[in-house]
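Each chain, written out:
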Amino acid sequence: MGAQKKGAPGVSEDPEELARVPLQAILLADSFTTKFRPITLERPKVLLPLVNVPMINYTLAWLESAGVEEVFVFCCAHSKQVIDYLESSEWFAQPNFTVTTIESHNSVSAGDALRLIYERNVIHGDFVLISGDTLSNMSLTQVLQEHKERRKKDSNAVMTIVIKRSKPSQITHQSRLGNDELFMATDPNTKQLLYYEDKEDHTKGSIYLDKLLIADNPSITLHNDKQDCYIDICSPEVLSLFTDNFDYQHLRRHFVKGLLVDDIMGYKIFTHEIHSSYAARIDNFRSYDTVSKDIIQRWTYPLVPDVKFFGNSSIKLERQGMYRASDIGQSRSAQVGPFTVIGSGTKIGNNTKISNSVIGEGCFIGSNVSIEGSFIWDNATIEDGCKLRHAIVCDGVIMKSGAVLEPGVVLSFKVLIGQKFNVPSYSKVSLLQQPTKLDSDDELEYADNSSGIAEKSSITPVDKVNEETTKQRMEANCWPTSELGTGGAGYVWSICEGGDDEEWRHSVAPIPADKLLEAIHAADDDLEHVQDGSSLPPLGELKPDSNDSEGDNEVSVEDSADFEREVEATFLRAVHENIQVDHVILEVNSLRLSYNKVAADCAGALFYSMMKLALETPHGSPGDLVQATVNIFAKWKKVLKSYLAEIDEEIEVILRFEEMCESFKEFSPVFDKILHQLYELEIIREEAIMRWDAEKKNAEEADRVYVKQSAAFIQWLREAEEEDEDEEDEE
């Protein structure tokens, strides 16, 4: 693949010649969104730590492993920081992997960046286009092959975008990454992209397609269950198209949509769907939280915290998804829970509890501190008695004793929170005052602080803030340093662009129960008003020709697997973060609506999750396993019982238990004992057990193993029932 020299001028038209060009990639390192602005004003988002490793490292590591030989990193905002980091990292010293930076302070969009790269004449064949905040472990072999094969047959096939199945919530209309619901139309045979819309008005309950689109394409599949991975395979013509069309600024909203409606040039875009591989882009706080948890739970393998490639070889994986550096100082009385990462040189005091969180390097965590579902970056100081729930704390932050961070709080670099001060939910606190002029997420993806796009005023010392200035800032919800408690330093930024609604939708904090309830009621109201049959189905695909029953069955199986994984993740988060039972039920209900499932599906998925947790609980004997199971069901009984209103649903749970015993052999010898305990806990009723026994009477011997094992218990139930009947007769 390296027959042609790197940097050779011109673009070969011969497909065989193209195949010998080293695979190149363009990495846009300045993706910049208002959701991250309090921290990206001081540091580029691609250098923000993702589980203690800068985001850009994950992107470069994947590109190298996927066979890319040459990467051009385009830098605009904070270009010096990005270039300095790359020059001091191992990336400039890789033998078969070249990283070259391209710097520009005048480019304020992806279009400007690609036009500049075209002028440099450095791309000589098909290339990968990706932003520095994208993480993946997919192989590029198949998608590159598909792209090249299409190019041989049709020179107008200039782009292939990678997509992944991801059902958004029917309640909030957003994906697990916090993105808006995406609508796409494709040709089911060729996978050509025909329609793309990520900003639909969901309140209408319908979308509108051009009549010509339907007339020109006899077969169309309409999706609202896909996630755009923002990984594109592009032909060199893509760069020239940006140069010929200066209106193309945004990659999706302008370029992709522009090609879809341009019927003169005839350029085509295709899709490539990945299934078992991982790919996600981090463009808001919720996706930052989601992807971080996916890394910790190893969905992104081999891009995981304990891989030595990232230079953090001191991080070791322990039981229950816990990662700790070898040189941390942890008090014996401190409790560090599952799915937690503790960085090198961090000290943790007495009786401190940390769960489901990421702690950076060189941090000091005092005594009696509670940290739950939070991200604390490097060299932060959290003094005694502080409480943090679902918050982000940047480098160098100091929290004085007794300070509290409510869910959704973001503390930017070196902020100081005063003693016993309570920072309200979703507050964004920075040493910098809020910019007076904000760039638009829709139009501008790249912005430099010195370019006039994001202006900021200087910091005013506390002792120079007069009463009138303080009053003005309070009215603007921008608090001076004196308002962050005794000795505090920082400004709380006002909520803008969508207000409170956007804050909880894109926060690292779980969606509040009251917001879920509001959304559920709104969704119910919308359904009542849609009576004409023109609305989209709950989720999935619209197919004019739906005779492919085999394909539908495959989708159903994949749906069920995705649903069960999501329920299990929800339950485990509830366990580790001590989420209230009612909130868990709301989240499972949301998943049930999203995947169009029934109560029995929810019961089966929850039962499986609880039993699996019991199996993973340390136990030395079968009796210990039974007790661990009883403890879990006793605590979470209300959640499971919410989906066991009917006897048939209880029977489904018993059948699911039988299936589990085949997969998890440790349950087999104690099936009857656990069944008995489920009865004692009033989770499974007597009638369900009797009907299960009756239905198994004519089954084959292999299907009657657990009925026979439970024979004594079932006989005991019968005798108890007969005694009750005799007593009633006597009365």
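Reading the values: rules and limits
- Residues numbered from 1 in each chain as written.
- Predicted model: local features only at pLDDT ≥ 70, side-chain atom pairs only at ≥ 80, totals over all residues.
- Heavy atoms only, no water.
- Helix = DSSP H or I, 4+ residues; strand = E, 2+ residues; numbered from the N terminus.
- Buried < 20%, exposed > 50% of the residue type's maximum accessible area, 1.4 Å probe, protein only.
- Pairing = 2+ DSSP bridges.
- Right-handed = clockwise from strand over helix to strand, strands pointing away.
- Salt bridge = Lys/Arg side-chain N within 4 Å of Asp/Glu carboxyl O.
- Core = buried A, V, L, I, M, F, W, Y, C linked by side-chain atoms within 4.5 Å.
- Domains from an automatic or database assignment.
- Contact = heavy atoms within 4.5 Å.
- Phe/Tyr/Trp six-rings, centres within 6.5 Å; stacked < 30°, edge-to-face > 60°.
- Lys NZ or Arg CZ within 6 Å of the ring centre and 35° of its normal.
- Axes fitted to C-alpha atoms, helices over the stretch in contact; angles between N-to-C directions.
- Polar contact = N/O pair within 3.5 Å; in protein donor to acceptor, adjacent residues only side chain to side chain.
- Parallel < 35°, antiparallel > 145°, perpendicular 65-115°, else oblique.
- Left-handed = near helix turned anticlockwise from the far one by under 90°.
- pLDDT = per-residue confidence, 0-100.
- Arc of directions from axis to C-beta.

Asks: Can you help me understand unusual backbone geometry in this one?
Replies: The general pattern is negative phi for most residues beyond glycine and trans for most peptide bonds. Tyr301 connects to Pro302 through a cis peptide bond whose omega is 10°. Residue placement: Pro302 occurs in the loop between α10 (285-296) and β15 (315-318). Phi is positive for Asn356, which is not a glycine, with a value near 50°. Tracing the backbone through its elements, the reader meets Asn356 in the loop between β21 (353-355) and β22 (358-359). With a relative accessible area of 10%, Asn356 lands in the buried category.

Asks: What should I look at first to understand the pairing of strand β4 (residues 70-75) in this one?
Replies: On any regular strand, side chains alternate: one points to one face of the sheet, the next to the other face. Counting buried positions along β4 gives 6 out of 6 residues, so the element sits mostly inside the fold. The alternating pattern of β4 places Glu70, Phe72 and Phe74 on one face and Val71, Val73 and Cys75 on the opposite face, and all of these are buried. Sheet analysis places strand β1 (residues 24-28) next to β4, joined by 5 bridges and oriented parallel. Bridging across to β4, Leu27 finds its partner in Val73. Between the parallel elements β4 and strand β5 (residues 98-103), the chain passes through helix α4 (residues 79-88) in a crossover that is right-handed.

Asks: Quick question: what am I supposed to make of the pattern of salt bridges here?
Replies: Oppositely charged side chains are able to pair whenever their charged atoms sit close together. A full pass over the atoms with the stated rule returns 30 salt bridges. Of the charged contacts in the structure, one is a salt bridge between Glu383 and Lys400, with a shortest N-O distance of 3.6 Å. Residue Glu383 is located in the loop between β26 (381-382) and β27 (387-389), and its partner Lys400 is located in the loop between β29 (398-399) and β30 (404-405); the two are separated by 17 residues in the primary sequence. The exposure class of Glu383 is partly exposed, given its relative accessible area of 22%. On the basis of relative accessibility, which here comes to 31%, the residue Lys400 falls in the partly exposed class. Note that Glu662 is salt-bridged to Lys665, the shortest N-O span being 3.7 Å. On the basis of relative accessible area, Glu662 is assigned to the partly exposed category, the value being 47%. Relative accessible area serves as the criterion here: at 55%, Lys665 is assigned to the exposed category. Beyond isolated ion pairs, a larger network of salt bridges with shared partners links Lys45, Asp133 and Arg281.

Asks: Explanation requested: the pairing of strand β12 (residues 226-234) in the structure shown.
Replies: The buried fraction of β12 is high, at 9 of 9 residues. Residue alternation in β12 divides its side chains into two sets, Lys226, Asp228, Tyr230, Asp232 and Cys234 and Gln227, Cys229, Ile231 and Ile233, and both sets are buried. Where strand β6 (residues 127-131) meets β12, 4 bridges bridge the pair, whose relative direction is antiparallel. Paired with Phe127 across the bridge in β12 is Cys234. Across 6 bridges, the pairing between strand β8 (residues 157-165) and β12 is antiparallel. In the strand pairing of β12, Met159 is matched with Cys234.

Asks: When you look at the nonpolar core in this model, what are you seeing that I'm missing?
Replies: Nonpolar side chains in soluble globular proteins tend to end up buried together. In this structure, Leu63, Leu140, Ile376, Leu388, Met399 and Leu411 are the most contacted members of the largest nonpolar core, which totals 98 residues. Ranked by the residues each element gives to this core, the list is headed by helix α3 (residues 55-65), at 7 residues. Summarising the domain contributions, this core has at least three residues from each of domain 1 (24-200 + 212-285) and domain 2 (312-430). What Leu388 contacts, discounting residues up to four positions off in sequence, is Val369, Ser370, Ile371, Glu372, Ser374, Ile376, Ile382, Val393, Met399 and Leu405. Among the nonpolar cores identified, the runner-up in size contains 58 residues, and Met610, Val626, Val639 and Ile651 belong to it.

Asks: Looking at this structure, I do not really get the packing of aromatic side chains. What am I missing?
Replies: As enumerated under the stated definition, the model contains 18 aromatic pairs in all. Judged by centre distance (4.4 Å) and plane angle (25°), the rings of Phe657 and Phe671 are stacked. Remark: Phe671 occurs in helix α19 (residues 671-680) and Phe657 occurs in helix α18 (residues 647-663); sequence separation between them is 14 residues. With respect to class, Phe657 is no different from Phe671; both count as buried. Aromatic pair Tyr679 and Phe713: ring centres 5.9 Å apart, planes at 65°, arrangement edge-to-face. With Tyr679 in helix α19 and Phe713 in helix α22 (residues 711-730), this pair connects stretches of sequence that are 34 residues apart. We classify Tyr679 as partly exposed; its relative accessible area is 22%. Under the relative-accessibility criterion, Phe713 is labelled buried at 8%. By way of ring pairs, the aromatic residues Phe607, Phe633, Phe657, Phe667, Phe671, Trp692 and Tyr706 are connected into one cluster. Just above the ring of Tyr230 sits the side chain of Arg281; from NZ or CZ to the centre is 4.7 Å.

Asks: Could you clarify how one ought to interpret the sheet that holds β6 in this entry?
Replies: Whenever strands of a sheet pair, they do so through backbone hydrogen bonds, lying parallel or antiparallel. The strand order across the open sheet built from 7 strands is β5-β4-β1-β6-β12-β8-β13, with neighbouring strands paired in mixed fashion. Lying at the two open borders of the sheet, with one neighbouring strand each, are β5 and β13 (268-274). Strand after strand, the sheet turns through a mean of 25° between neighbouring axes, direction not considered.

Asks: Mind showing me how you'd approach the side chain of Arg324 here?
Replies: Residue placement: Arg324 occurs in strand β16 (residues 322-325). Only 2.7 Å separates the side chain of Arg324 from the side chain of Glu318, close enough to count as a polar contact. Among residues more than four places away in sequence, those in contact with Arg324 are Ser314, Ile315, Lys316, Glu318, Gln330, Val336 and Ile342.

Asks: I'm lost on the sheet that holds β27 in this one. Help?
Replies: Read from one edge of the open sheet, 6 strands run β18-β21-β24-β27-β30-β33, paired in parallel fashion. Because the sheet does not close on itself, it has two edges, and the strands there are β18 (335-336) and β33 (422-423). Bridging between β30 and β33 involves 2 bridges; their strand directions are parallel. Pairing of Leu405 across the sheet is with Val423, part of β33.

Asks: Can you help me understand the packing of helix α5 (residues 110-120) against helix α8 (residues 237-244) in this one?
Replies: Between two packed helices, the angle of one axis relative to the other and the distance separating the axes together describe the packing. Closest axis-to-axis distance for the α5/α8 pair is 8 Å, and the angle between their directions is 115°. Classified by the interaxial angle, the pair formed by α5 and α8 is roughly perpendicular. Where α5 crosses over α8, the two elements pack in a sense that is left-handed. Residue-level inspection shows Gly111, Leu114, Arg115, Ile117 and Tyr118 of α5 in contact with α8, the latter providing Leu239, Ser240, Phe242 and Thr243.

Asks: Would you take a moment to explain the confidence of the model for the protein for this structure?
Replies: When pLDDT is low, close inspection of the predicted coordinates is not appropriate. In the predicted model, the protein carries a mean pLDDT of 80, and 80% of its residues have values of at least 70. In this model residues 439-480 is a low-confidence stretch, pLDDT under 50, and it forms 104 contacts with partners more than four residues away in sequence or in other chains.

Asks: Would you explain α4 in this entry?
Replies: Spacing of three or four residues puts side chains on the same side of an α-helix, whose turn is 3.6 residues. Every buried residue of α4 is accounted for by Ser79, Val82, Ile83 and Leu86. Down the axis, α4 shows its buried residues gathered within 95° of arc, on one side only. Looking at α4, the residues exposed on the side facing more than 90 degrees away from the buried face are Lys80 and Ser88.

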